Amino acid sequence: MKYISTRGQTEHKLFSEVLLMGLAPDGGLMLPEKYPVISETMLANWRNLSYKNLAFEIISLFATDIPAEDLHDIVERTYTEEVFGTPEITPVRTLKDGIKIQALSNGPTLAFKDMAMQFLGNMFEYVLNKENKQLNILGATSGDTGSAAEYALRGKKGVNVFMLSPEGKMSAFQRAQMFSLQDENIVNIAVEGMFDDCQDIVKAVQNDHAFKEKYHIGTVNSINWGRIVAQVVYYFAGYFRATENNSQQVSFCVPSGNFGNVCAGHIAKQMGLPINRLIVATNENDVLDQFFKTGEYRPRSTEHTYVTSSPSMDISKASNFERFIFDLMQRDDNEIQVLWAEVGTGKGFNLHFMLPEIREKYGFVSGKSTHVDRLTTIRQVYESDGELIDPHTADGVKVARELREDDEIIICLETALAAKFDATIHEAVGEVVIPRPTKLDGLEDLPQRVQVVPNNAEIVKDLIREKLD
Ligand SMILES: *Cc1c(COP(=O)(O)O)cnc(C)c1O
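Sequence positions are assigned chain by chain, starting from 1 and proceeding in written order. Totals for whole chains, interfaces and linings use all residues, but because this is a predicted model, local features are given only for residues with pLDDT of at least 70 and pairs of side-chain atoms are given and counted only at 80 or more. Water and hydrogen atoms were dropped before computing side-chain values, which therefore reflect all heavy atoms in the structure.

Draft legend 1. Quick peek at the UniProt feature "modified residue: N6-(pyridoxal phosphate)lysine" (unreviewed entry) in the protein. UniProt positions are given in the numbering used here, feature names are shortened, and annotations may be inferred rather than shown by experiment. The feature "modified residue: N6-(pyridoxal phosphate)lysine" (unreviewed entry), as annotated in UniProt, sits at Lys113 in this numbering. Among the structural elements, lysine 113 can be located in helix 6 (residues 113-130). The cut-offs for exposure are 20% and 50% of the maximum accessible area for each residue type, with area from a 1.4 Å probe on protein chains only; residues under the lower value are buried, those over the upper are exposed, and the others partly exposed. What makes lysine 113 buried here is its relative accessible area of 14%. Once you skip the residues sitting within four places of it in the chain, lysine 113 turns out to touch Thr145, Ala148 and Arg227. Under the scheme used here, helices are H or I runs from DSSP no shorter than 4 residues and strands are E runs no shorter than 2 residues, and both carry numbers assigned from the N terminus. Residue contacts follow a heavy-atom distance rule, with two residues in contact if any of their heavy atoms lie within 4.5 Å.

Have a look at this one:
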């Protein structure tokens, strides 16, 4: 399988090459030349596979330059009960009102990003080792992404992680999660500034091309193709758990920010998984909801992004959205260049004439949830089902309830656990005990490793040199 860029100006690549890439050199995103199509026989054969074996079958259709036994070994080591808490890996349960919840957040950092990051960590180590290369990941995090990357890459050969976070701005739990890692290859750097300052430092270092090349600086952000492909797997797994046979259809409701999660759902549908609708749930940052309702895509700047109680969805420029629009535009890379030139000027674009196709052919619809909706939903689920769902998952459940049609099976993706967001949970239901996986007992008491630095890119570069020279 060959990979192409949505902007059409990048030479074809193989899976192991796109794995280590961020943006394509032409500014686009990498995608397979075409999606593999699943026959009815394949779908029937896959119904009773374990998560590992299903992951192997699906990923091997995309990772055609990785020898089968190596890929088998990697998924075998990745999707274990030990790491993800249950033998099913992503079990599906049903709430009293009939909405189904697929648990994607039982990995090490209690958020769905582990599903893909754990795979990527093992894949990185494999590819780097094979090519005798080194990679130094430099990232900025306000919480979730950074910890998922660190837990995926800790102790891996050939990789170091330098993770910037705003000093004193993360929760005690998030700090403990990241800073308690004692692995030599994980370097936590707390910057005296805000999250945006951390991101500016990453950009400044990336723009120092000589430094970037000398120290093999890379990233793992949400546009990474390896993450998307690993996410395709759980749409299949969820479908099989929620249905009795392959003549049934399901809809997925996905709490969304960068459109990475639901993009994997779109690909699963294009491959032939019987998905009825893909329901995009946003919080107050509703750029995507606006698009799916009106056809107008108008990304906003950081200053116009609200800080909400579902913080991992506080995004106003969905970095993976271009992948879907590329498919919608019949993969016309000229059209993508034109549309994203409009995005670049801050104007955005309007595709209202395509809304019927977006809904009927691609199955996309959307809804929005606010702080009050989130609290109400958390409270309602607690009262009816006696369980606590996290604020992001609550956004999904709120939208799913609102849009559900008669007899529609809706699977809401659980993107984090309540234990990560105790303040909002307490605001919703009062001072209840929030269950926390036993493996995290005493987390906040562990010794922490972090270096605090002024808001200055040169000082961060010095730290990197010191570690690597
Ligand atoms: C990252 C994240 C999301 C948003 O996922 P996207 O792939 O960016 O759309 C939703 N919920 C949680 C808890 C997350 O960490």
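Draft legend 2. Inspection of the state of the cysteines at higher detail. The disulfide criterion is simple: two cysteine sulfur atoms within 2.5 Å. A complete count under the given rule lists 0 disulfides for this structure. There is no disulfide at cysteine 412, and the cysteine sulfur nearest it, in cysteine 253, is 4.4 Å away.

Draft legend 3. Quick look at the layout of surface pockets. Estimates place the volume of the second largest pocket at around 260 Å³. Every definition here rests on a 1 Å grid over the protein atoms only: cavities are sets of points where a 1.4 Å probe fits but cannot get out, pockets are open sets enclosed by protein on both sides within 12 Å along at least five of seven lines, and lining residues have some atom within 4 Å of a point. As for the second largest pocket, its lining consists of 14 residues, of which Pro108, Tyr151, Arg154, Lys439 and Leu440 are closest to the centre. Across the lining of the second largest pocket, the residue classes tally to 7 nonpolar, 3 polar and 4 charged. Grid points are joined across faces, edges and corners, and a volume is the space filled by probe spheres set on the points. Three categories are distinguished: nonpolar for Ala, Val, Leu, Ile, Met, Phe, Trp, Tyr, Cys and Pro, charged for Asp, Glu, Lys and Arg, and polar for the others, with Gly belonging to the last.

Draft legend 4. Seen up close, the nonpolar core. Grouping buried Ala, Val, Leu, Ile, Met, Phe, Trp, Tyr and Cys residues that are joined through side-chain atoms within 4.5 Å yields what is termed a nonpolar core. Counting residues in hydrophobic clusters, the biggest one holds 110 residues, and the most contacted among them are Phe236, Phe259, Phe321, Phe324 and Ile325. With 13 residues, the top contributor of residues to this core is helix 11 (residues 225-242). Look past the residues within four positions of phenylalanine 321 in its chain and what remains in contact with it is Asn258, Phe259, Leu288, Phe291, Phe292, Tyr297, Trp340 and Phe349. Judged by nonpolar contacts, the second largest core, of 31 residues, contains Ile101, Ile378, Ala419 and Ile425.

Draft legend 5. Spotlight on the packing of aromatic side chains. For Phe, Tyr and Trp, where Trp contributes only its six-membered ring, two rings pair if their centres lie within 6.5 Å, and the inter-plane angle classes them as stacked under 30 degrees, edge-to-face over 60, or tilted in between. Counting across every chain of the model gives 27 aromatic pairs. Their ring planes at 40° and their centres at 6.2 Å tell us that phenylalanine 292 and phenylalanine 324 sit as a pair that is tilted. In this pair, phenylalanine 292 sits in helix 13 (residues 287-294) while phenylalanine 324 sits in helix 14 (residues 321-328), placing the two residues 32 residues apart along the sequence. No difference in accessibility class separates phenylalanine 292 from phenylalanine 324, as the two residues are buried.

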